[in-house]
Amino acid sequence: MNRVPKKLAPGRVSVPTPRIPGLLNFSLVDIGKSCSLCEKTFKDHWNLKRHLQRCHDITETVADDMSIVQETKYQDIQTSNSPKNMLTPSESVEEESDVDNEYYNSILNYDECEESDDGSRVDNSDFDVEKNTELNAGISLFNHILNNMSAFANNNESSIDEEDEFQSKMFNSTAWNRFTPNIHPFKDIQTMILLALVDGDNNMISHRMLKKILFTINLLLKIYKEAIRKDISFKLPRLDALWNYQTRKELNIPIFKSKSLDVTLSDSTKVTTFLNLPSEHIKLLAADPIKSKSIFSLSDRTPNQSVCLQQGEKWRINTYFRQPMFTHNNVDFWSGDIVLLKDCSPNIRFLVESFHTMDTSNVFSCGCSIDIEINHTDINIESFLSVNTTPLNTSLCCSISPDTIILLIPTHHKLLEEEHFLKRLICNGTDQENNQRKYYKVKIAPVILFSDDTSGNISKQFNPYKSWLMKCVALSFEERCSIENILFISAIPKKKSANAASLLPEIVDDLKKLENSVVMFSAEDNAYVLVVPPLLWIEADISCHSELCGLGAPNSTYPCRKCYIKLQSQIPELNKVEYYTNRHPTRTKDHYIQAASTPDRDTVILDISYFDDKNTAEELTFKNNSTDKLLELKVYDQSKDTSAEILHYILLGIAKYLITDLVKVVLNKNKKELEELFDYVKDYKNSRGISRVFTRTLTHAGSFLGRDFKVLIQILLVILAIKFADTEVLQEITPLFVRLGRLCSLVFVQSIDSQYETYISEVDSAVRSLIEALHKYDTNCKHKKHAFYTSKPKVHLLTHLPEDLQRFGSALNYETKKRESREFTDKNGTGLTPRRILKDNTFALFRQSNGQIIIGMVLFSKVYHLYIEHSSAHAVNNNYCLTLKYADDIYMPLDELKIVCLLDMHLKVGCKYVVNLNKFGSYWSFLYSFY
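The name given to the protein chain in an unreviewed UniProt entry is C2H2-type zinc finger transcription factor, with Phycomyces blakesleeanus as the source organism.

Shown next, in the form of structure tokens:
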């Protein structure tokens, strides 16, 4: 078949596409030429030149120069007559006083042609070019600029002022003469230089960096003009002075140092990679006056809630996370101090153990009253008066409980007899007034590591890398998800056995140094402090977690990193459902240490419940020894600190299994039902309750991303329950979606303000219910190619989700790849404001001033009340309920109510609104508010 040539707009010609970086192609435009002396117009440049020579007796050189000038003037006239007053980038830099980011965005997407009043095309390009004209001396000058620019970039010792020969050629060039075309086809010399920077070499430059460069150039030009006006010397510094500025100034500001590492590949060759170690990141953040206030935090012991990671069990209990000292009224109180309390008898004294917050603000001390109680007590730091320096004879002390008096228990004895391991004396530091020794203040700044695949290409199929990133835990949820607060450590090409584990030895050695505390300058305290950044957990997908734990692949016999469950993918029939829902013998850190004691993994792992003492580490799937270095960390436990991340387990796991099964198996021969289902899904774009619109086609379910499943799993379930309730082919698979929807609604929430223990029980119940439904479906499924869902590792790992909720907090905190825009409004987190989010016909749960929760519909800044109809068995079993408006239109002003949870009530049954409890956060909000 013959290809139809593309029809070009008037004034444009076809130009081949650049094949390699740095190859410039310029649009060739046929524009009329006009003589400025007699205003006669010519079609071609050479005709104008001949006219100037014959009719006006102008020499050939000047005629050639003037013809170019006439062309430029002609373009300027046409540009001024265009409907929009277009400014070239160079003109904008000179005329605008402020640098606007939108201007810089326009630079890279500059429309070269604009339409004039008569419909013709007018060239507004930065290149003055003409049809059938070869690129002349400008290209030679361009190449000269490019070569000198590259040479200068490769020479770290040269300065701009030293390039006298190059600059002399530039300034003496006839390119500054407007009658000489030596810069053709560029508009002006500054455009030529900037294009040499952007397009002229293979050096990678980001859009963000280009904007910063243009901003800097513009700012320097303005400063230069101001320096000339005030007769002040203006000179750019040498590169050496910029590069070594901080070192020579001897400031407290730390210098960020990267470390090079040579990694030996399987073919004995080496690849060099660079690491930005965690200690360097923390050192720089601690010295930042803004960031230093956010990266340090105390644990929070507000009971029965989870609104921040500081409330997780590990942060509250682990010794390396507990704050050992606190400064109050310029007095340092330490763990092990005996403190006198205000408004109390001098005989009442308090033994300090650690410090924490309550309700994320008030500071309390955890400890015991003396004579010492076994049960711990929390006392507000405001009650502290002073440290009792009177020596205490511990042999006369005892631990008291309500029932008995015993010798000092180990905890009390350690507090009284041993100095805290983080209590470090400042060299030559004494308090002259009180004649006391001075110690460094201690700051706790926990961190999270994240390992994932990345790529030098858009697709991860080519040029793949394995990367390590870091986040500071004390930041808020939104701050941790911000790209600016995700700190890059390193990346290594995935080839010839190189992977994330290749970088672990250097990273772990640095984390060990941080565990033992490092002295850093704190901008918040304006002094040197002792900083401890312990590792809270490592985020990764399921295969990477297995690798980091030194286990076999996820399809191995014992794939779970937390317990010893035996899962086999190819089996004729499943075990009983209790086998998949009950707990199994637990892997412990001691087991990992035993397995690492021999390189060939032939050690027999002892003390495993329900196992005989004949199982070697290799038989229990301890395979890889390249990650044994992690066992040297005191605060990290592979069996507990590899959190169950819900993106891969739920969205890219169970949700993907079920939706693919629904589309390609269950509805494969029912095209009518599939089309109807897709129509209902598309209609959901009008819903006010879901922030993101689902735009994909259901038949492409195999290529959906996590964000696609995140939308689809909230709306598909209620559609199946309401619109396809009587469709026989869907009767078996619909209950799976219902139970999955309930689990997703529970776990995709940012925080739980109260009843957290009940919440964990609900999640545990939802996981068990889902596995039971999957087991029933697997047992009864008649499709020949159906693979059992129940025995998949991603399904089993959900049984450990309640343990992670207890140890760390809500699961959304350790969902990988959180940095997708518009995700925050669907998690029903805190900070919802009526004026920002709620529009007309939006539904939500509202809290009245008396604390009562109502269902309301927003209309014209009023909230109309709705009530819940008595729930039918079908509604209860399918995770929805029906509501009606009051007949007399009860309403309240929107400003008098507080939003509790946004609702999805897009579907209707008759005149009744359907409350979709599968929307993230809705199920728990209804359970807590109405049931």
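Q: Hey, could you go over the confidence of the model for the protein chain for me, with residue numbers and the actual values?
A: Here the protein chain averages 79 in pLDDT, while 75% of its residues score no lower than 70. Strand β18 (residues 442-444) holds the highest mean pLDDT among the elements of the protein chain, 95, whereas helix α3 (residues 89-95) holds the lowest, 35. Confidence over residues 18-32 falls short of pLDDT 50; this stretch has 47 contacts with residues more than four positions distant or in other chains. In the model, residues 174-180 has pLDDT below 50 throughout and makes 14 contacts with residues more than four positions away in sequence or in other chains.

Q: Any chance you could break down the pattern of salt bridges for me, citing the residues and the numbers?
A: Considering all chains together, one arrives at 27 salt bridges under this definition. A single network of salt bridges, built from pairs that share partners, joins Asp509, Lys512, Lys629 and Glu632.

Q: I'd like to hear about the side chain of Asp778, residue by residue, with values.
A: On the secondary structure map, Asp778 appears in helix α24 (residues 756-780). Of the side chains with opposite charge, Lys792 lies nearest to the buried Asp778, which makes no salt bridge, at 8.7 Å. Those residues in contact with Asp778 that lie beyond four places of it in its chain are Leu574, His786, Ala787, Phe788, Tyr789 and Thr790.

Q: Explain the nonpolar core to me, and be specific about the residues and the numbers.
A: Counting residues in each nonpolar core, the largest one holds 156 residues, and the members touching the most others are Trp468, Leu716 and Tyr759. The contacts of Leu716, once residues within four sequence positions are left out, are Ile659, Leu662, Leu677, Val681 and Phe737. Among the nonpolar cores identified, the runner-up in size contains twelve residues, and Cys549, Tyr558, Tyr564 and Phe622 belong to it.

Q: Got a sec to walk through the sheet that holds strand β11 (residues 362-370)? Specific residues and values, please.
A: Across the sheet, five strands lie side by side as β12-β11-β10-β9-β13; this open sheet has antiparallel pairing. Two strands in the sheet have a free side with no partner beyond their single neighbour: β12 (377-380) and β13 (384-387). Strand-to-strand twist of the sheet, defined as the mean angle between neighbouring strand axes without regard to direction, takes the value 50°. The pairing of strand β9 (residues 338-341) with β13 spans three bridges and is antiparallel. The partner of Val339 across the bridge, within β13, is Val387.

Q: Got a sec to walk through the pairing of strand β7 (residues 325-328)? Specific residues and values, please.
A: Alignment of β7 against strand β8 (residues 331-334), held across four bridges, turns out to be antiparallel. Pairing of His328 across the sheet is with Val331, part of β8.

Q: For the packing of α24 against helix α29 (residues 922-930), give the residues involved together with the corresponding values.
A: Helix packing geometry: the angle between the two helix axes and the distance between the axes. Contact geometry for α24 and α29: axes closest at 12 Å, N-to-C directions at 125°. Here α24 lies oblique to α29, going by the angle between them. The element α24 and its partner α29 pack so that their crossing is right-handed. Residues Thr758, Tyr759 and Glu762 of α24 form the contact with α29, whose participating residues are Tyr923, Trp924 and Leu927. Of the residues in the contact of α24 with α29, the class split is four nonpolar, one polar and one charged.

Q: Tell me about the side chain of Asn878, and please be specific about residues and values.
A: In this fold, Asn878 is placed in the loop between α28 (873-877) and β28 (880-885). Every residue in contact with Asn878, bar those within four places of it in the chain, is listed here: Ala721, Thr734 and Val738.

Q: Give a description of unusual backbone geometry that names residues and reports values.
A: Even without being a glycine, Asp231 presents a positive backbone phi close to 60°. One non-glycine residue, Asn329, adopts positive backbone phi at about 55°. The residue Asn329 is located in the loop between β7 and β8 in this model.

Q: Quick one: what's the story with a negative patch on the surface, residue by residue and with numbers?
A: A cluster of acidic residues, Asp590, Asp607, Asp612 and Asp613, forms a negative patch on the protein surface. Checked against the element boundaries, Asp607 lands in the loop between α19 (589-595) and α20 (646-666).

Q: I'd like a rundown of the sheet that holds strand β24 (residues 535-539), residues and numbers included.
A: Backbone-to-backbone hydrogen bonds join strands into a sheet, with any given pair of strands oriented parallel or antiparallel. Reading across from one edge, β21-β20-β19-β24 is the order of the four strands in this open sheet, with mixed pairing throughout. What marks the edges here is a single partner per strand, and that holds for β21 (487-493) and β24. Between one strand and the next, the sheet's axes are offset by a mean angle of 20°, whatever the strand orientation. Both strand β19 (residues 447-455) and strand β20 (residues 464-472) contribute to a ladder of nine bridges, which runs antiparallel.

Q: So what about empty space enclosed by the protein? Which residues, and what values?
A: The tally for this structure, following the rule as stated, stands at four cavities of 30 Å³ or more. In this structure, the second largest cavity occupies an estimated 60 Å³ of space. Considering the residues around the second largest cavity, the lining is formed by 13 residues, among which Cys549, Gly550, Tyr592, Arg601 and Asp628 are closest to the centre. Residues of the lining of the second largest cavity, tallied by class, amount to seven nonpolar, four polar and two charged.

Q: Describe the packing of aromatic side chains, with residues and values.
A: The description of an aromatic ring pair rests on the distance of the ring centres and on the angle between the ring planes. Across all of its chains, the model carries 25 aromatic pairs by this definition. Where Tyr759 meets Trp924, the ring centres are 5.4 Å apart and the plane angle is 80°; that geometry is what we call edge-to-face. Here Trp924 lies in helix α29 and Tyr759 lies in helix α24, a separation of 165 residues in the sequence. As far as burial versus exposure is concerned, Tyr759 and Trp924 are alike and both buried. Between Phe808 and Tyr814 the ring centres are 6.0 Å apart and the planes differ by 70°, which places this aromatic pair in the edge-to-face class. Among the aromatic residues, those joined into a ring-pair cluster are Phe326, Phe333, Phe350, Phe355 and Phe384. In this structure, Arg587 is placed above the aromatic ring of Phe622, and the distance from its NZ or CZ to the ring centre is 4.8 Å. It is Lys792 that lies over the ring of Tyr657; its NZ or CZ is 4.9 Å from the centre.

Q: Mind laying out the environment of Leu812, listing which residues take part and the relevant values?
A: Here Leu812 is to be found in the loop between α26 (801-807) and α27 (834-837). Sequence-wise, Leu812 and Val749 are 63 residues apart; in three dimensions their C-alpha atoms are separated by 6.2 Å.

Q: Mind laying out helix α14 (residues 410-417), listing which residues take part and the relevant values?
A: Within α14, burial applies to His412, Leu415 and Leu416. Here the buried residues of α14 occupy an arc of 90° about the axis, which is enough to place them on one side. Along α14, exposed side chains directed more than 90 degrees from the buried face belong to Pro410 and Lys414. The secondary structure elements touched by the buried residues of α14 are β9, β10 (349-358), β11 and β14 (398-400).

Q: A description of the pairing of strand β25 (residues 842-847) should follow, citing residues and the corresponding values.
A: For β25, a buried count of five out of six residues is recorded, marking the element as mostly surrounded by other parts of the structure. Across six bridges, the pairing between β25 and strand β26 (residues 853-859) is antiparallel. Counted as the bridge partner of Thr842 is Val858 from β26. Taken together, β25 and the strand that follows it, β26, pair antiparallel across an intervening segment of five residues, in which Gly851 is found at a positive phi of about 90°. In this sheet, strand β30 (residues 898-903) lies alongside β25 in antiparallel orientation, the contact comprising five bridges.

Q: Quick one: what's the story with the packing of helix α22 (residues 706-723) against helix α23 (residues 734-747), residue by residue and with numbers?
A: The N-to-C vectors of α22 and α23 enclose an angle of 140°; their axes lie 9 Å apart at closest approach. Between α22 and α23, the interaxial angle falls into the category oblique. The interaxial crossing formed by α22 with α23 has left-handed handedness. Mapping the contact onto sequence places Ile713, Leu716, Leu717 and Leu720 in α22 and Thr734, Phe737, Leu740, Gly741 and Cys744 in α23. Considering only residue class, the contact of α22 with α23 consists of seven nonpolar, two polar and no charged.

Q: With reference to specific residues and values, describe helix α8 (residues 207-229).
A: Within an α-helix, residues lying three or four positions from one another point in the same direction, as the helix has 3.6 residues per turn. When the terminal C-alpha atoms of α8 are compared, their 33 Å separation across 23 residues agrees well with the 33 Å that a helix rising 1.5 Å per residue should span. Taken together, the buried positions of α8 are occupied by Leu210, Leu214, Asn218 and Ala227. Looking one or two residues past α8, Asp231 carries a phi angle of roughly 60°, positive in sign.

Here is what the cut-offs are and how they apply
- Residues numbered from 1 in each chain as written.
- Predicted model: local features only at pLDDT ≥ 70, side-chain atom pairs only at ≥ 80, totals over all residues.
- Heavy atoms only, no water.
- pLDDT = per-residue confidence, 0-100.
- Helix = DSSP H or I, 4+ residues; strand = E, 2+ residues; numbered from the N terminus.
- Contact = heavy atoms within 4.5 Å.
- Salt bridge = Lys/Arg side-chain N within 4 Å of Asp/Glu carboxyl O.
- Buried < 20%, exposed > 50% of the residue type's maximum accessible area, 1.4 Å probe, protein only.
- Lys, Arg positive; Asp, Glu negative; His and termini not counted.
- Core = buried A, V, L, I, M, F, W, Y, C linked by side-chain atoms within 4.5 Å.
- Pairing = 2+ DSSP bridges.
- Axes fitted to C-alpha atoms, helices over the stretch in contact; angles between N-to-C directions.
- Parallel < 35°, antiparallel > 145°, perpendicular 65-115°, else oblique.
- Left-handed = near helix turned anticlockwise from the far one by under 90°.
- Nonpolar A, V, L, I, M, F, W, Y, C, P; charged D, E, K, R; others polar.
- Patch = residues over 30% accessible without salt bridge, like charges linked within 9 Å, V, L, I, M, F, W, Y side chains within 5 Å.
- Areas by Shrake-Rupley, 256 points an atom, 1.4 Å probe, with all protein chains shown as cover.
- Charge placed at Lys NZ, Arg CZ, Asp CG, Glu CD.
- 1 Å grid on protein atoms, 1.4 Å probe; cavity = no way out; pocket = protein on both sides within 12 Å on 5 of 7 lines; lining within 4 Å.
- Points joined across faces, edges and corners; volume = space filled by probe spheres on them.
- Phe/Tyr/Trp six-rings, centres within 6.5 Å; stacked < 30°, edge-to-face > 60°.
- Lys NZ or Arg CZ within 6 Å of the ring centre and 35° of its normal.
- Arc of directions from axis to C-beta.
- Expected span 1.5 Å × (residues − 1).

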